Amino acid sequence: MYKLYGALGSPYSLKVRAVLRYRRIPHIWVHGAEAMLATQRVKAPVIPVLEYVDGTFANDSTPLIYDLETRHPPRSIVPPDPARAFLAALIEDFADEWLTKAMFGYRWLREVDQVQMSRWLAFDALKGGGRAESEANAERFRQRQVGRMALVGCTEANFPLIAKSTRAVLGALEAHVTTRHSLFGTRPSLAEFAIYGQLSQLGTDPTPQAMMRADFPYTYRWLQHLDDMSGIEGEWDAADAPLPDAVDALLEVIGAVYMPFLLANETALAKGKEIFRMTALGQSYEQGVFKYQAKCLAELRARYAALPGAAKAELRLLLERSGCIEALGG
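What counts and what doesn't
All residue numbers here refer to positions counted from 1 along the written sequence of the relevant chain. Given that the model is predicted, a residue must reach a pLDDT of at least 70 before its local features are reported, and side-chain atom pairs must reach 80 or more before they are shown or counted; all residues, however, enter totals for whole chains, interfaces and linings. Side-chain figures throughout are based on the complete set of non-hydrogen atoms in the structure, without hydrogens or water. Runs of H or I in DSSP of at least four residues are treated as helices and runs of E of at least two as strands, each being numbered from the N terminus. The globule rule is 2.2 Å times the number of residues to the power 0.38, and the radius of gyration it is compared with is taken over C-alpha atoms. Buried, partly exposed and exposed residues are distinguished by accessible area as a fraction of the type maximum, computed with a 1.4 Å probe on protein chains only: under 20%, between the cut-offs, and over 50%, respectively. Contacts were defined at the residue level, with two residues in contact if any of their heavy atoms lie within 4.5 Å. Only the protein chains shown count as covering a residue, and every accessible area follows the Shrake-Rupley method with a 1.4 Å probe. By the counting scheme adopted, Arg and Lys are positive, Glu and Asp are negative, and His together with the chain ends is not counted. Charge placement uses NZ in Lys and CZ in Arg. For Asp and Glu, CG and CD serve respectively. Salt bridges are defined by distance alone: a side-chain nitrogen of Lys or Arg within 4 Å of a carboxyl oxygen of Asp or Glu. The span you would expect from a helix comes to 1.5 Å times its residue count less one. Here the arc refers to the directions that run from the helix axis out to each C-beta atom. Here a polar contact is taken to be a pair of N or O atoms separated by no more than 3.5 Å, where protein atoms must pair a possible hydrogen donor with a possible acceptor and residues adjacent in sequence count only if both atoms sit in side chains. The angle between two axes is taken between their N-to-C directions and runs from 0 to 180 degrees, where each axis is a line fitted to C-alpha atoms and a helix contributes only its stretch in contact. Convention used here: angles under 35 degrees read as roughly parallel, angles over 145 as roughly antiparallel, angles from 65 to 115 as roughly perpendicular, and any remaining angle as oblique. In this classification, Asp, Glu, Lys and Arg are treated as charged, Ala, Val, Leu, Ile, Met, Phe, Trp, Tyr, Cys and Pro as nonpolar, and every other residue, Gly included, as polar. Two strands form a pair only when DSSP identifies at least two bridges running between them.

> Quick question: what am I supposed to make of the overall build of the chain here?
When its secondary structure is counted, the chain shows 14 helices and 6 strands. Taking 330 residues into account, the globule formula puts the C-alpha radius of gyration at 20 Å, and the chain, at 19 Å, falls close to it. Summarising its shape, the C-alpha atoms of the chain cover approximately 60 × 45 × 40 Å along the three principal directions. Looking at the chain as a whole, 51% of its 330 residues are labelled buried. For the chain, long-range pairs separated by at least 24 residues make up 73% of all intrachain contacts whose partners lie at least 6 apart in sequence. Here the chain has roughly 14,500 Å² of accessible surface; of this, 56% comes from carbon and sulfur atoms. One finds the centroid of the 37 positive side-chain charges in the chain at a distance of 4 Å from the centroid of its 38 negative side-chain charges.

> Looking at this structure, I do not really get unusual backbone geometry. What am I missing?
Most of the time, phi is negative for any residue but glycine, and the peptide bond is trans. In this chain, Ile-47 is followed by Pro-48 through a cis amide linkage whose omega measures 5°. Note on placement: Pro-48 falls in the loop between helix H2 (33-38) and strand E3 (49-51). With phi around 50°, Lys-127 is a residue other than glycine that occupies positive phi space. By secondary structure assignment, the location of Lys-127 is in the loop between helix H5 (111-126) and helix H6 (131-147). Residue classification places Lys-127 among the partly exposed positions, given a relative accessible area of 48%. For Leu-281, which is not glycine, the phi dihedral falls at a positive 50°. One can find Leu-281 in the loop between strand E5 (275-280) and strand E6 (283-288). Judged by its relative accessible area of 32%, Leu-281 falls in the partly exposed class.

> Before we go on, may I ask you to explain the pattern of salt bridges in this structure?
When the charged atoms of two side chains lie near each other, side chains of opposite charge can form a pair. For the coordinates displayed, the defined rule picks out 22 salt bridges. In this structure, Asp-227 engages Arg-21 in a salt bridge whose closest nitrogen and oxygen atoms are separated by 2.8 Å. On the criterion of sequence distance, the pair formed by Asp-227 in helix H10 (residues 217-227) and Arg-21 in helix H1 (residues 11-22) is long-range, its members being 206 residues apart.

> Looking at this structure, how should I read the environment of Val-112?
Looking at where Val-112 falls in the secondary structure, it is placed in helix H5. It is 7.8 Å that separates the C-alpha atoms of Val-112 and Thr-207, two residues lying 95 residues apart in sequence. Residue contacts for Val-112: discarding those within four places in its chain leaves Pro-206 and Thr-207.

> Looking at this structure, how should I read the side chain of Asp-81?
Note on placement: Asp-81 falls in the loop between helix H3 (61-71) and helix H4 (82-108). Other than its neighbours up to four places away in sequence, Asp-81 contacts Ala-239 and Glu-314.

> Teacher, can you tell me more about helix H12 (residues 291-305) here?
In an α-helix, one turn spans 3.6 residues, which is why side chains three or four residues apart end up on the same side. Taking 1.5 Å of rise per residue, the 15 residues of H12 would be expected to cover 21 Å, and the 21 Å separating its terminal C-alpha atoms lies within 8% of that figure. Within H12 the residues assigned to the buried category are Gln-293, Cys-296, Leu-297, Leu-300 and Tyr-304. Projected onto a plane normal to the axis of H12, the buried residues spread over an arc of 95° and lie on a single side. Across from the buried face of H12, at angles greater than 90 degrees, the exposed residues are Lys-291, Lys-295 and Ala-305.

> Looking at this model, I keep getting lost on the environment of Tyr-292. Mind explaining?
Relative to the helices and strands, Tyr-292 resides in helix H12. Through-space distance from the C-alpha of Tyr-292 to that of Glu-133 is 36 Å; in sequence the pair is 159 residues apart. The residues touching Tyr-292, leaving out its near neighbours within four places in the chain, are Asp-60 and Glu-97. Polar side-chain contacts of Tyr-292 include one of 3.0 Å to the side chain of Asp-60.

> Where do I start with the packing of H1 against H3 in this structure?
When two helices pack together, you describe them by how their axes are tilted relative to each other and by the distance separating the axes. Taken N-terminus to C-terminus, the directions of H1 and H3 make an angle of 10°; their axes are 10 Å apart at the nearest point. In this view, H1 runs roughly parallel relative to H3, as classed from their interaxial angle. Here Tyr-12, Lys-15, Val-16, Val-19 and Leu-20 of H1 come into contact with H3, specifically with Ser-61, Thr-62, Ile-65 and Leu-68. Of the residues belonging to the contact of H1 with H3, the class tally is 6 nonpolar, 2 polar and 1 charged.

> I tried to follow the sheet that holds strand E4 (residues 57-59) on my own but got confused; where do I start?
For sheets, the rule is that strands pair by backbone hydrogen bonds, running either parallel or antiparallel. In spatial order, the strands read E2-E1-E3-E4; together these 4 strands make up an open sheet with mixed pairing. On the outer flanks of this sheet lie strand E2 (27-31) and E4, each paired with one strand and no other. Across the sheet, the mean angle from the axis of one strand to that of its neighbour is 25°, orientation sign disregarded. The pairing of strand E1 (residues 2-6) with E2 spans 5 bridges and is parallel. In the sheet register, Lys-3 faces E2, and the bridge partner there is Ile-28. Relative to the sheet, H1 contacts E1, E2 and E3, its axis offset from that of E2 by approximately 160°. Running over the sheet, H3 touches E1, E3 and E4 and is turned about 125° from E4.

Dropping the structure here:
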C-alpha cells in the first residue's frame, strides 16, 4: 500500500491526497514528525513524499500525479481529449506556481495569520510535548517563514497583484460551482485538484477565510467537496462541447498574469539577472529569478508542441484571445 507523507498545512500534500482519494488508490496518510523524516529519502527535501508499494520514495506533485496515471489507469484525472488535457495541465501549473503565492502571502503577511497558522502548524507537527514548547517552535518557524517572503515574491508591494488575481480566480469559480463542481465534465481533472490544494489553505487561515466566506461562500464550501470525491462517478464532456465560462475566465487570468510572469523570469535568467520586474492587471511585481519556473514554462511549451494538429487548431483562438499563445511558442 502507498504511504503519503505530508501535512495539513501543505497545499501540495492535500492536492495529492485528494487525488489518491478520488482515484480510490489505497494509501496511508502520514503527517507530523514522520513526514519530515521521509523528506530525507528524496532529492529535494519537501513534502509531500509518496512511498511506493516497493519501498521507493518520490515527490513533486505533478510528476507523481502523471506517474499514478500510468500505474493506475481507472478513474483518470486527465481528460481524454488532448486539447482539454492541455488546458487542465495549464491551469494546474498556474495553480501550483502562481496561486501558491496567495497561500504564502495571506499566511505570512499579517500578524493574525502568522500567529494562528504558525501555532497550528507546530501543533500538527509535534502532536504533544506541552503548549510552551509548541508555541516556542511556532515562533521560530514564524520568523523563518516571514524572512522568506521576499524570496518567493510575497511582499507588501507585490501583494496587490497577488490578491487581485486571486479574487479573479475565486470570482470565476463562484460563478461556476453552483452549476457543477468540475471544469471539464461531471468528474474532476488535475486542474481542480491543483486549485483545491492552494485554496484549501486560504480556507483555514483567518484573513483569507473571512474573505472567502464573505465574498465567495460557495467556492469556500466547494473546497470541502474536493477534499474527498471518492464517491463521484461522473463523465467527461464531449470533445466538441462548449467549454464553461470558468475555463475562459481562468485562462484570462493566466494570460494576463502568469504568462508575463513566466516570460519575465525566463528573460531575466537568460540575461544573467537576479531580479525581474513586470506589470500585470495594472499592478507592479518583482522578485528574484527561479530556475524551476523556467522549467515549468519549458514543460508547458513541450506539451503544447506535442499536441496533435487538430487539438492545436482547436486551442489556438482560445489561447490567442486569453493572451497565452506567445509564451507557449505560437
